[in-house]
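# Chains, contacts and geometry: an overview
If you want the building blocks of each chain, they are given just below.
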Amino acid sequence: MTVTSNSVYFTVREAGELPGTGWHVRVLEAPAYTDEIIRIYEFTDLTAGPALNRPGEGSVTLDLDSELWDTTLPGGQTGRYLLDREHVWRCYQDGTLRFEFLGTNIEETIVDTTNARTVTISGPGTADVLRWAKVFPPGFPVPPGENGFLWPFIGKPIMQAYLYLLHAAQARGTIPWVQARFGKEADAGGTDWDDLHTAAANRIEFSPDLGTDLLTLIGEVTGQDPSVPAGTRADWRMRPGFKLEVRKTIGADQSKKIVFHEPVLESKQRTRSREELVNYIVVADAYFETSQKAASASVATWGRRELWDNRGNLTEDKRRAPVVHNLLAQNKIEKSNWVLKVPYDEPGRAVFVDYAMGDWVGVMRHNASGASTLESYRVIGIVVHVSAVGDPEVELELQSRLDTRLRVLEQN
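First, a word on scope: everything that follows refers to the structure included in this document. What you are looking at is a predicted structure, and each value in this text was computed from that prediction instead of being measured. Chains are numbered independently. Their residues run from 1 in the order of the written sequence. The predicted origin of the model limits local features to residues at a pLDDT of at least 70 and limits the giving and counting of side-chain atom pairs to 80 or more, whereas totals for whole chains, interfaces and linings rest on all residues. Think of the side-chain values as coming from all heavy atoms in the structure, minus any hydrogens and water.

## Comments concerning the pattern of salt bridges
Salt bridges are defined by distance alone: a side-chain nitrogen of Lys or Arg within 4 Å of a carboxyl oxygen of Asp or Glu. As enumerated under the stated definition, the model contains 18 salt bridges in all. In this structure, Glu100 engages Arg90 in a salt bridge whose closest nitrogen and oxygen atoms are separated by 2.8 Å. Taken together, the positions of Glu100 in strand β7 (residues 96–102) and Arg90 in strand β6 (residues 88–93) put the pair 10 residues apart, joining distant regions of the chain. Both residues of the pair, Glu100 and Arg90, count as buried. A salt bridge links Arg131 to Asp128, with the shortest nitrogen-to-oxygen separation between them at 2.8 Å. We classify Arg131 as partly exposed; its relative accessible area is 39%. Residues joined by salt bridges that share partners form a network here, namely Arg237, Arg239, Glu245 and Arg247. Numbering of helices and strands runs from the N terminus, with a helix taken as a DSSP run of H or I at least four residues long and a strand as a DSSP run of E at least two residues long. Residue burial is assigned from relative accessible area. The probe radius is 1.4 Å, only protein chains are included, and a residue is buried under 20% of its type maximum, exposed over 50%, and partly exposed in between.

The following block contains the structure:
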């Protein structure tokens, strides 16, 4: 993406980012998202929230009494134009682009208890533009022939199918600026897709419903739901500049290098849920033959909780038992989600510098007797909150090794 250099640089200070933070924002003009129209170094709050396998979200809060709104932009508009279009807001840390989000929501606070007048621009990460593109019939708007409403994806690698749909939408003029950083045969790093060498007759049948958006579909084709059969399991993210990257794995294991010790964690939150817990599973195939299994330890702890799963795509006896095994592995335990508030820029443990999205980090936990245990977790969400008061704050959304292993279990 080419960015023009005729931006307005708005700041009431001599130069530099908000003092002590190293952060500022730049705005790309809608709807082409090629021209940078302003750089803003004065804000009340800024939140950058990149995430793995989902768009993430961001926000920036500005002073409504600021001189910013009287600024003349390159196109001749006043600063209020920033609120009138769904521009892209880019978050920079020490001059490096870390995240960008769509200015989808505008919330103005005319008067509050402190008499402050502010406006907050917020929205999802730029991956959300994939929602704008939908599955249309092949060749639309040309009237289809016999069976023309169906895309001929049977027997094709699933990522090849997704690229067909993306390119078809772009040929119609929808999200033409999204760049696929993967191919029909391999991921962004050149690793072959799981189903590339699978016989066509044994590939997962991919028949997306008309009207389904491509954001939903990128989750399906990369196998984000481990309970649903998938041709491949991969990670995805939208890099700045609308670069849609898909890799077998994003991130590296740094759990022995990047370690957060429990006493230094400012706060932590763990959510545990048993709503979807199942420990006795029956799988029925296309001929109504069944296989079943119980997880005895889970039954003893939580009581017997049943699941009947019809699998019309199973036609061989030997394939039922592995499906039962994998379903039990996923569902016999409670689900957990961790959110940890960690130091922002400690040497050797600085966010975005020493570790990033998809990486594994270590958490040293201590029990009442003083014993220590190093546990490794994957970073699947980062939220950096920057305000005019105090140091930036970082929250990490973490996924345990067990949760990650379950996601890649094959169900087909």
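## A short note on the nonpolar core
The nonpolar side chains of a soluble globular protein tend to be buried with one another. The definition of a nonpolar core used throughout is a set of buried Ala, Val, Leu, Ile, Met, Phe, Trp, Tyr and Cys residues joined through side-chain atoms within 4.5 Å. One finds Trp23, Leu62, Leu82, Trp89 and Tyr355 to be the most contacted residues of the largest nonpolar core, which totals 47 residues. No other element matches the 6 residues that strand β20 (residues 372–387) contributes to this core. Residues contacting Leu82, with those up to four places away along its chain left out, are Val27, Ile37, Ile38, Ile40, Leu68, Trp69, Leu73, His87 and Trp89. Residues Tyr33, Ala127, Trp193 and Leu217 belong to the second largest nonpolar core, which totals 38 residues. Whether two residues touch is decided by their heavy atoms; if any such pair falls within 4.5 Å, the residues are in contact.

## What about the environment of Trp69?
By the secondary structure assignment, Trp69 is in the loop between β5 (57–63) and β6. Sequence separation between Trp69 and Tyr81 is 12 residues, and the spatial gap between their C-alpha atoms is 8.6 Å. Those residues within four positions of Trp69 in sequence are excluded, and the remaining contacts are Leu62, Asp63, Leu64, Thr78, Gly79, Arg80, Leu82, Leu83 and Val119. The term polar contact refers here to a pair of N or O atoms within 3.5 Å; inside protein, the definition further demands a hydrogen-donor-capable atom paired with an acceptor-capable atom, and it admits residues adjacent in sequence only when both atoms are side-chain atoms. Engagement of the side chain of Trp69 in a polar contact is seen with the backbone oxygen of Asp63, the distance being 2.8 Å.

## Some thoughts on the environment of Ile204
Tracing the chain through its elements places Ile204 in the loop between β10 (179–181) and α2 (214–221). Ile204 sits 49 residues away from Gly155 along the chain, and the two C-alpha atoms are 7.4 Å apart.

## Quick word on α2
Summarising burial for α2: 6 of the 8 residues are buried, a large majority. All of the buried residues along α2 are Leu214, Leu215, Leu217, Ile218, Gly219 and Val221. Taken together, the buried residues of α2 touch α1 (158–171), β11 (235–239) and β12 (243–247). Where α2 begins, one side-chain oxygen reaches toward the backbone nitrogen of Leu215, 3.0 Å away; that side chain belongs to Asp213. Two residues or fewer after α2 comes Gly223, characterised by a positive phi angle close to 70°.

By themselves, these observations are geometric and do not establish any function.
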